[in-house]
Amino acid sequence: MHKLEIYLEKNCYVLSDMPHTLYIVSTPIGNLEDITFRAVRVLKEVSLVLAEDTRHSKVLMEHYGISTKMESYHDFNKEKATPKYVEYLKSTGDIALVCDAGTPSIADPAFNLVRAAKQEQIPVRAIPGANALLTALVASGFATDRFRFENFSPKKSAQRKHLLQKLKDTGSSTLIFYASPHNLVKFLGEIKEVYGEPKVALMRELTKKFEEHLIGTPSELLERYKNSNPKGEFVLLINKTENS
């Protein structure tokens, strides 16, 4: 039987046998101003902050005067560390989990701790904020009524083409991928091969000084990178409702 839990904005009032709370805290994806007052308060009030890269998160913490103890939680230690932090939540105090940028649990290991906490009936609270895929989507001009996020595109060409073919007949109007600069040019060619000439948006450096939006057909974007290599990670969007 699940234990009764009552949640209010500033405090979590629970029965005496309830464990502490795991907060999933969204942080800026580039511009340090893109953090909520609530996120800063939670990061200051919890007993422990878990970060993908403590060196990276230290910049944000110092910027906002947050001195909470911080430890690493990432893909390489998640299996070993998850039981440790579940026990910490049960016996010691609240934890805030952050990723390098944006909303934890999307394309990062936070999901593992969230799932384990839920299995142990530990309260989990999401503190909403910046998110790269939604930031790119709403700025693209592509359909937002139905969209599908596919995480990072597969590394092998055959796998990417198979996935694109599989997604061709889905009802989603817009497809969204995170794309590495190492295979971006090949991926654009594969989109052209499978979809023809749909509108594609490439978004990089979102919220930063040199934010870049490139929107065009695969052929137009391939021409853009004919004499220069892509730099940085991209959010790549395919508009399935518009084809040149």
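As a reminder, the structure under discussion sits directly above these lines.
Numbering of residues starts from 1 in every chain and runs along the sequence as written. A pLDDT threshold of at least 70 governs which residues receive local features in this predicted model, and a stricter bar of 80 or more applies before side-chain atom pairs are shown or counted, although totals over entire chains, interfaces and linings include all residues. Where side-chain values are given, they derive from all heavy atoms of the structure, hydrogens and water being excluded.

Undergrad: So what exactly am I meant to see when it comes to the nonpolar core here?
TA: Inside soluble globular proteins, nonpolar side chains tend to come together where they are buried. We call a set of buried Ala, Val, Leu, Ile, Met, Phe, Trp, Tyr and Cys residues a nonpolar core when their side-chain atoms join them within 4.5 Å. Throughout, exposure labels follow a simple rule: accessible area from a 1.4 Å probe, protein chains only, divided by the maximum for the residue type, with under 20% read as buried, over 50% as exposed, and the rest as partly exposed. With 20 residues, the main nonpolar core has Phe177, Leu202 and Leu236 as its most contacted residues. Each helix is a run of DSSP H or I of at least 4 residues and each strand a run of E of at least 2, with the numbering of both proceeding from the N terminus. Taken together, the elements giving at least two residues each to this core come down to helix 6 (157-167), strand 9 (174-179), helix 7 (184-195), strand 10 (198-204) and strand 12 (234-243). Ranked by residues supplied to this core, first place goes to helix 7 with six residues. Tyr73, Tyr85, Leu97 and Ala117 belong to the second largest nonpolar core, which has 19 residues in total.

Undergrad: I tried to follow the packing of helix 6 against helix 7 on my own but got confused; where do I start?
TA: Axis angle and axis distance: for two packed helices, these are the angle between their axes and the distance between the axes, and together they describe the pair. For every element, the axis is a line fit to its C-alpha atoms; helices are fit only across the contacting stretch, and the angle between N-to-C directions ranges from 0 to 180 degrees. Packing of helix 6 against helix 7 brings their axes to within 10 Å, and their N-to-C directions diverge by 40 degrees. Viewed along their axes, helix 6 and helix 7 adopt a mutual orientation that is oblique. When the axes of helix 6 and helix 7 are compared, the crossing they make is right-handed. Side by side, helix 6 and helix 7 meet where Ser157, Arg160, Lys161, Leu164, Gln165 and Leu167 of the first sit next to Lys186, Phe187, Glu190, Ile191, Glu193, Val194 and Tyr195 of the second. Across the contact of helix 6 with helix 7, the residue classes tally to six nonpolar, two polar and five charged. Angles are sorted into four bins: roughly parallel if under 35 degrees, roughly antiparallel if over 145, roughly perpendicular if 65 to 115, and oblique for all others. The sense of a crossing depends on the near helix, which, turned anticlockwise from the far helix by less than a right angle, makes the crossing left-handed and, turned clockwise, makes it right-handed. Should any heavy atoms of two residues lie within 4.5 Å, those residues are considered in contact. Basically, the charged four are Asp, Glu, Lys and Arg, the nonpolar ten are Ala, Val, Leu, Ile, Met, Phe, Trp, Tyr, Cys and Pro, and anything else, Gly included, counts as polar.

Undergrad: I'm lost on helix 4 (residues 110-119) in this one. Help?
TA: Residues spaced three or four apart along an α-helix point in a common direction, a consequence of the helix completing one turn every 3.6 residues. Taken residue by residue, helix 4 has Ala110, Asn112, Leu113, Val114, Ala116 and Ala117 as its buried positions. Buried residues along helix 4 sit against strand 3 (22-25), strand 4 (48-51), helix 3 (78-91), strand 6 (95-98) and strand 7 (124-127). Phi for Gln121, located one or two positions after helix 4, is positive at around 60 degrees.

Undergrad: Quick question: what am I supposed to make of the environment of Leu221 here?
TA: Tracing the sequence through the fold places Leu221 in helix 8 (residues 218-224). When its relative accessible area of 4% is taken as the criterion, Leu221 is described as buried. In sequence terms Leu221 and Lys90 are 131 residues apart; their C-alpha atoms lie 52 Å from each other. Residue contacts for Leu221: discarding those within four places in its chain leaves Leu188, Val200, Leu202, Leu214, Ile215 and Gly216.

Undergrad: What should I look at first to understand unusual backbone geometry in this one?
TA: The bulk of non-glycine residues show a negative phi, and the bulk of peptide bonds are trans. Non-glycine residue Glu205 carries a positive phi angle of around 55 degrees. Looking at the element boundaries, Glu205 is found in the loop between strand 10 and strand 11 (212-216). For Glu205, a relative accessible area of 29% gives the class partly exposed.

Undergrad: Before we go on, may I ask you to explain the packing of aromatic side chains in this structure?
TA: Working definition: an aromatic ring pair is given by the centre-to-centre distance plus the angle between the planes. Only Phe, Tyr and Trp rings are paired, with Trp represented by its six-membered ring, and only when their centres lie within 6.5 Å; those with planes under 30 degrees apart are stacked, over 60 edge-to-face, the remainder tilted. With the rule as written, the count across this model stands at five aromatic pairs. A ring pair is formed by Tyr73 and Tyr85, whose centres lie 6.3 Å apart and whose planes are at 75 degrees; its orientation type is edge-to-face. Of this pair, Tyr73 sits in the loop between strand 5 (70-72) and helix 3 while Tyr85 sits in helix 3, placing them twelve residues apart in sequence. In terms of burial, Tyr73 and Tyr85 fall into one category: buried. Residues Phe149 and Tyr178 carry aromatic rings whose centres are separated by 4.9 Å and whose planes lie at 65 degrees to one another, so their mutual orientation is edge-to-face. Note that Phe149 is positioned in strand 8 (residues 147-152) and Tyr178 in strand 9, a separation of 29 residues in sequence. Using a relative accessible area of 25% as the deciding quantity, one classes Phe149 as partly exposed.

Undergrad: I would appreciate a short explanation of the packing of helix 3 against helix 4 in the present structure.
TA: Packing of helix 3 against helix 4 brings their axes to within 10 Å, and their N-to-C directions diverge by 40 degrees. Between helix 3 and helix 4, the crossing angle belongs to the class labelled oblique. Seen from above, helix 3 lies across helix 4 with right-handed handedness. Within the contact between the two elements, helix 3 uses Lys78, Thr82, Tyr85 and Val86 and helix 4 uses Asn112, Leu113, Ala116 and Ala117. Considering only residue class, the contact of helix 3 with helix 4 consists of five nonpolar, two polar and one charged.

Undergrad: Can you help me understand the sheet that holds strand 5 in this one?
TA: In any sheet, the strands associate via hydrogen bonds between backbone groups, in a parallel or an antiparallel arrangement. With parallel pairing, five strands are arranged side by side in an open sheet as 5-4-6-3-7. Each having just a single partner strand, strand 5 and strand 7 make up the two edges of the open sheet. Averaged over neighbouring strand pairs, the angle between their axes works out to 25 degrees when direction is ignored. Note: two strands are recorded as paired if DSSP finds a minimum of 2 bridges between them.

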